[in-house]
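# Remarks on the overall topology
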Amino acid sequence: MSSASTYPPDYVPEQHAPDPVLSHGDPTPPGKVGIWLFLASEIMFFIGILGSYIVIRSGWPMLFEQQGKALNKVLAGINTLVLIFSSLTMALAVDAARKGDRKRLITCLAITFACAATFMGIKYVEYTDKFHHYTMVVTVKPAGDEDAKPVSYLYDGHWDRTKNEVKGVRMELDKNVPVDIGFTGKAWIEERMKAEGKLGTGEKLEEKVHPIPKGATIVQATAYGPWKNLFLASYFASTGVHGLHVIGGMIPLAILTIQAIRRKIFPRHTEYVGIYWHFVDLVWIFLFPLLYLI
Amino acid sequence: MTDAPAHGVTETAHDHKVNYLAIFILLVVLTVVTVLAAFLDIKKEWQKIAIALAIASVKAAAVVLYFMHLKFEGKLIYLILIVPVTFCVLLVVSLLPDISFGHIFHDFLTQDLRHGAH
């Protein structure tokens with residue numbers, strides 16, 4: 001009998017190796033200590049980002065109240081539910097791995113992976129929407145009158161460059177009031193128009209297609225990128241690093257799924273990946289209300 | 001091939017039956033509550049933040065305790081977690097001067113705007 005044949009064909013060393021810690025009286029396996037230590041450093045990483053959010057927000061609460069309205073609450077809400085559901089399937093996957101239920105493990109891991117991909121897909125839609133959303137100052141010279149003074153308009157909305165039109169809102173600018181487009185937006189335009197009496201108190205500004213007239217000059221323009229203002233900077237920083245963590249979680253999820261399909265089940269590894277995945281969900285639980293709702 | 005009883009020490013930690021579906025439903029309900037709370041007409045900003053953070057903390061506790069099995073872990077994991085949590089509290093406390101002074105400066109600025117520059 002050769003030494004190799006003493007092991008059954010479905011032998012997985014990870015499950016059967018003696019635990020070095022056990023004999024010392026501590027029931028926690030070293031892998032679990034490792035993943036919790038990693039999460040400890042992750043907590044401090046995210047609190048650093050949250051700390052900058054606290055300082056920026058407390059320094060300019062009005063900015064956050066106004067600019068937060070430009071974010072898509074519906075997509076973020078769907079994303080929250082997607083992540084919570086993926087946490088449920090991950091917990092069930094850990095349970096299935098422990099019980100050796102391979103079919104349920106594959107299903108649960110695949111659903112978790114699909115949820116992560118859905119989350120990133122929705123995030124992609126949100127980000128591209130922000131990068132096509134422009135605020136700009138446009139000056140137009142009235143046609144047919146050489147001596148007429150040019151009129152300035154503030155546009156805010158989705159800028160279609162080929163048709164040269166903006167789907168959103170527009171207001172005429174008073175030349176004597178300086179405007180910083182980084183801090184303007186639809187909510188700002190509404191406030192300003194109400195203050196100038198162009199909009200009733202209960203009314204909301206309707207979004208329409210506003211073409212940019214021929215011969216008009218775009219004086220200033222900025223997309224809703226992280227460079228626009230401090231609110232968007234903290235939005236992109238926090239959701240960006242969170243998105244990277246989601247991608248980071250998808251890699252071990254894919255590996256575990258492939259291994260399960262290859263008839264190899266790793267209960268402990270699945271558990272550790274699960275702990276990490278729930279942490280990613282946990283971070284989003286805080287980011288969602290902080291950025292989108294309040 | 002059979003699981004040796006020696007492994008039992010580790011495995012008992014996992015044998016607590018958690019109703020994951022109930023935790024999931026709780027999380028969904030709390031998500032709906034936090035969205036609805038955002039549409040309430042609450043004037044004071046700190047009240048809005050307090051409500052949102054309170055709901056988020058309950059959700060986080062449910063995830064950590066039951067999904068991440070922290071409730072069934074030994075002392076070592078809690079010991080590991082004390083360190084970052086302490087640092088988190090220290091960081092936020094050390095930001096308090098920024099938070100309070102920020103509001104004072106903010107008030108000065110808005111007062112200037114209201115009364116016009118002299």
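Anything mentioned here points back to the structure above.
Described in the following lines is the structure provided in the data block. This one's a predicted model, so the numbers in the text were calculated from it and none came from an experiment.

Here we come to the overall build of chain B. Of regular secondary structure, chain B possesses four helices and zero strands. Mapped in sequence order, the helices and strands of chain B form the string α-α-α-α. A total of 118 residues make up chain B; the buried ones form 12% of that total.

The next point concerns the overall build of chain A. Of regular secondary structure, chain A possesses eight helices and five strands. Listing every helix and strand of chain A by position from the N terminus yields α-α-α-α-α-β-β-β-α-β-β-α-α. Its C-alpha atoms give chain A a radius of gyration of 27 Å, more than 25% over the compact-globule value 19 Å for 294 residues. Overall, chain A is about 105 × 40 × 30 Å in size when its C-alpha atoms are taken along their principal axes. Taking all 294 residues of chain A together, 34% fall into the buried category. Restricting to contacts in chain A with at least 6 residues of sequence separation, those with at least 24 account for 70%.

This part covers the environment of Trp36(A). Structurally, the position occupied by Trp36(A) is in helix H2 (residues 30-59). The spacing of Trp36(A) and Tyr276(A) is 240 residues in sequence and 8.6 Å in space, taken between C-alpha atoms.

Core analysis: the biggest nonpolar cluster contains 57 residues, and Ala93(A), Leu105(A), Leu109(A) and Tyr276(A) have the highest contact counts within it. When contributions to this core are tallied by element, the ones reaching two or more residues are H2, helix H4 (73-99), helix H5 (102-131), helix H7 (230-261) and helix H8 (267-293) of chain A together with helix H2 (20-39) and helix H3 (45-67) of chain B. A total of 16 residues in this core trace back to one element, the largest contributor, which is H8(A). Beyond its immediate chain neighbours, meaning those up to four positions away, Ala93(A) contacts Leu105(A), Cys108(A), Leu109(A), Thr112(A), Thr270(A) and Gly274(A). Met136(A), Leu154(A), Trp159(A) and Ile181(A) belong to the second-largest nonpolar core, a separate cluster that totals 13 residues.

This next bit is on the interface of chain A and chain B. Each side of the interface is counted separately: chain A has 39 residues, and chain B has 43 residues. The element contributing the most residues to the side of chain A that touches chain B is H2(A), with 12 residues.

Once that is clear, we can look at the sheet that holds strand E1 (residues 133-140) of chain A. Residues and elements named next belong to chain A. The strand order E4-E3-E2-E1-E5 describes an open sheet built from five strands, whose pairing is antiparallel. The sheet terminates laterally at strand E4 (208-211) and strand E5 (217-223), the two strands that pair on one side only. For this sheet, the mean angle separating the axes of adjacent strands, direction not counted, is 35°. Note: E1 against E5, six bridges, orientation antiparallel. The residue bridging Val137 from the neighbouring strand is Gln220, located in E5. Against the sheet, helix H6 (residues 186-195) engages strand E2 (151-160) and strand E3 (165-172), with an angle of about 30° to E3.

Further remarks concern the environment of Ala54(B). Mapped onto the fold, Ala54(B) is located in helix H3. The exposure class assigned to Ala54(B) is exposed, which follows from the 12 C-beta atoms found within 10 Å.

What follows is about the packing of H4(A) against H8(A). Residues and elements named next belong to chain A. Packing of H4 against H8 leaves a shortest axis separation of 9 Å and a crossing angle of 160°. Judged by the angle between their axes, H4 and H8 are roughly antiparallel. Like other packed secondary-structure pairs, H4 and H8 cross with a definite hand, here left-handed. Of H8, the residues touching H4 (which contributes Lys73, Ala76, Thr80, Leu83, Ile84, Ser87, Met90, Ala91, Ala93, Val94, Ala97 and Arg98) are Pro267, Thr270, Glu271, Gly274, Trp277, His278, Asp281, Trp284, Phe288 and Tyr292. Per-class residue counts for the contact of H4 with H8 are 13 nonpolar, five polar and four charged.

Let's shift gears to H8(A). All names here are of chain A. With 27 residues, H8 extends 38 Å from end C-alpha to end C-alpha; this agrees with the ideal 39 Å at 1.5 Å per step. If you look at H8, its biggest bend is around 30°, right at Leu287, and the proline Pro289 turns up within four residues after that. Counted residue by residue, H8 has 23 buried out of 27 residues, so it is predominantly covered.

Residue and element names in this part refer to chain A. Interaxial distance between H7 and H8 falls to 10 Å at its minimum, and their mutual angle equals 160°. One finds that H7 runs roughly antiparallel with respect to H8. Where H7 crosses over H8, the handedness of that crossing is left-handed. The segment H7 lies against H8, with Tyr235, Ser238, Thr239, His242, His245, Val246, Gly249, Pro252, Leu253 and Leu256 engaging His269, Thr270, Val273, Tyr276, Trp277, Val280, Val283, Trp284, Leu287 and Leu291. Considered class by class, the residues forming the contact of H7 with H8 number 13 nonpolar, seven polar and no charged.

Calculation criteria
- Residues numbered from 1 in each chain as written.
- Chains lettered and ligands numbered in written order.
- Predicted model: local features only at pLDDT ≥ 70, side-chain atom pairs only at ≥ 80, totals over all residues.
- Helix = DSSP H or I, 4+ residues; strand = E, 2+ residues; numbered from the N terminus.
- Buried ≥ 20, exposed ≤ 12 C-beta atoms within 10 Å, placed from the backbone.
- Rg over C-alpha atoms; globule rule 2.2 N^0.38 Å.
- Contact = placed C-beta atoms within 7 Å.
- Core = buried A, V, L, I, M, F, W, Y, C linked by C-beta atoms within 7 Å.
- Pairing = 2+ DSSP bridges.
- Axes fitted to C-alpha atoms, helices over the stretch in contact; angles between N-to-C directions.
- Parallel < 35°, antiparallel > 145°, perpendicular 65-115°, else oblique.
- Left-handed = near helix turned anticlockwise from the far one by under 90°.
- Nonpolar A, V, L, I, M, F, W, Y, C, P; charged D, E, K, R; others polar.
- Expected span 1.5 Å × (residues − 1).
- Bend = angle between axes of the 7 residues up to and from the residue.

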